[in-house]
Structure formats: C-alpha cells, structure tokens
Amino acid sequence: MLRPPTTYLTCKTENQMINVKSLTPGGCRNAPNMIDIHSAQNFLSALSEAGDRLVIVEFYGTECALYRALFPKLCRTAEDHPEILFLKVNFDENKPMCKSMNVKVLPFFHFYRGADGQLESFSCSLAKVTIARHNNTIHPAIV
C-alpha cells in the first residue's frame, strides 16, 4: 500500500520538525536574509526596501547543476553575513523579467547597493569563482 509523501522530516540533532517544502538543493533552507522573488514588482520592492545594503541577486534554474552545487555555499554566506540581502529569482517563473535584465545563462548574479544602483553583473561558473577568489575581485563574503 502506497502512502502519500510526508511533508515534514524530523531533524535528529535539533529534535524538531522541518517542512520539506522549505528545503532547497542540498537540504538547505533560506537564511532570513534570503528572499524568493516572484515578480518584477516584488523585485523592485525588495531593492527599494534594502536601502544602502549590499544586495546580491541570484538568477537560477531549478534544473541547473551548478546552482545546486553553489546553493549550500550561498546559504552559509547569507547566514555568515546578515548585512547582505540575497534575492533569488527563478528564471523559469520570471522569464520576461530575466530576459529584460540580459540574463542569458544560469546561474547569473547582479550586485546592487542603494543609490549606486547596479554595481556588477556576471554569469557564474566554478572556474570564474576560482579566478575571482584568486584575484580578490568579488565581495569577500562570496568567496
């Protein structure tokens, strides 16, 4: 007899129930400073509410292997740096917005800061992360 899938798991180390739907690749949960973006209006509101904080926008696809590999690192970075706001944009749910922002490959990142606007944008590969780490050309929180 088949049982319906459970929506909660018990975390053995913390003895608490975890909603399976809140888990993302690698079993990570969004840190409090990680926001899922579902529309262009949602994106603009999150940017305006961020004020002068550094905002890192990750454009991703759920089937992207590199996204799945990078996501646990992003979760740890977000937890270690609560002063940075992380916005996660699912390309498949927001294709018109992503295309208007010249997002053509995934994962893709935009960096913003208050009145300075967009500081940087780049596609991400493991090779680029290694080069950027070596050259200290990206924010120290990411490497």
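Below or above, wherever it landed, is the structure these notes cover.

Here we take up the overall build of the protein chain. Per the secondary structure count, the protein chain includes four helices and seven strands. The order of α-helices and β-strands along the protein chain, N terminus first, is β-β-β-α-β-α-β-α-β-β-α. Counting every position in the protein chain, which comprises 143 residues, the buried fraction comes to 39%. Taking contacts inside the protein chain between residues at least 6 apart in sequence as the whole, the part at least 24 apart equals 65%. For the protein chain, the exposed surface amounts to about 8900 Å²; the carbon and sulfur share of it is 55%.

Inspection of the entire model under this criterion finds five aromatic pairs. Ring geometry for tyrosine 60 against tyrosine 67: centres 4.4 Å apart, planes inclined by 15°, an arrangement best described as stacked. Exposure class is identical for tyrosine 60 and tyrosine 67. Each is buried. Ring centres of phenylalanine 109 and phenylalanine 122 lie 5.7 Å apart, and the angle between their planes is 25°; on these two criteria the pair is classed as stacked. Remark: phenylalanine 122 occurs in strand 7 (residues 117–123) and phenylalanine 109 occurs in strand 6 (residues 108–113); sequence separation between them is 13 residues. Overall, phenylalanine 109 belongs to the buried group, its relative accessible area being 6%. Members of the aromatic cluster, each reached through a chain of ring pairs, are Tyr60, Tyr67 and Phe71.

It is worth spelling out the nonpolar core at this point. Nonpolar side chains in soluble globular proteins generally cluster together in the buried interior. In this structure, Met34, Ile56, Phe71, Phe86 and Phe109 are the most contacted members of the largest nonpolar core, which totals 19 residues. Counting residues per element, the ones that place at least two in this core are strand 4 (54–60), helix 2 (65–80) and strand 6. Dropping the residues within four chain positions of it, methionine 34 is found in contact with Phe71, Leu74, Cys75, Ala78, Phe86 and Lys88. Membership of the second largest hydrophobic core comes to 18 residues, among which are Ala46, Val55, Phe59 and Met101.

Structurally, histidine 110 can be placed in strand 6. Among the residues examined, histidine 110 registers a relative accessible area of 2% and is labelled buried. At 3.0 Å, the side chain of histidine 110 and the side chain of tyrosine 112 are in polar contact. If near-sequence neighbours (up to four positions away) are discounted, histidine 110 is found in contact with Val55, Ile56, Val57, Phe59, Met101, Val103, Gln118, Glu120 and Ser121.

As a further point, take the sheet that holds strand 4. Spatial ordering of the open sheet is given by 3-5-4-6-7, a layout of five strands whose pairing is mixed. Sheet topology places strand 3 (34–37) and strand 7 at the edges, where each strand pairs with a single neighbour. For this sheet, the mean inter-axis angle between neighbouring strands, taken without regard to orientation, is 20°. In this structure, strand 4 lies alongside strand 5 (residues 85–90), joined through six bridges in parallel fashion. Across the sheet, glutamate 58 pairs through a bridge with lysine 88, a residue of strand 5. In the packing of helix 2 onto the sheet, contacts are made with strand 3, strand 4, strand 5 and strand 6, and the angle to strand 5 comes to roughly 155°.

Right, let's get into the environment of leucine 47. Looking at the element boundaries, leucine 47 is found in helix 1 (residues 40–49). Residues leucine 47 and leucine 85 lie 38 residues apart in sequence; the distance between their C-alpha atoms is 9.1 Å. Sequence-distant contacts of leucine 47, defined by excluding residues within four places in its chain, comprise Val55, Leu87 and Tyr112.

Conventions adopted
Residues numbered from 1 in each chain as written. Predicted model: local features only at pLDDT ≥ 70, side-chain atom pairs only at ≥ 80, totals over all residues. Heavy atoms only, no water. Helix = DSSP H or I, 4+ residues; strand = E, 2+ residues; numbered from the N terminus. Buried < 20%, exposed > 50% of the residue type's maximum accessible area, 1.4 Å probe, protein only. Contact = heavy atoms within 4.5 Å. Areas by Shrake-Rupley, 256 points an atom, 1.4 Å probe, with all protein chains shown as cover. Phe/Tyr/Trp six-rings, centres within 6.5 Å; stacked < 30°, edge-to-face > 60°. Core = buried A, V, L, I, M, F, W, Y, C linked by side-chain atoms within 4.5 Å. Polar contact = N/O pair within 3.5 Å; in protein donor to acceptor, adjacent residues only side chain to side chain. Pairing = 2+ DSSP bridges. Axes fitted to C-alpha atoms, helices over the stretch in contact; angles between N-to-C directions.

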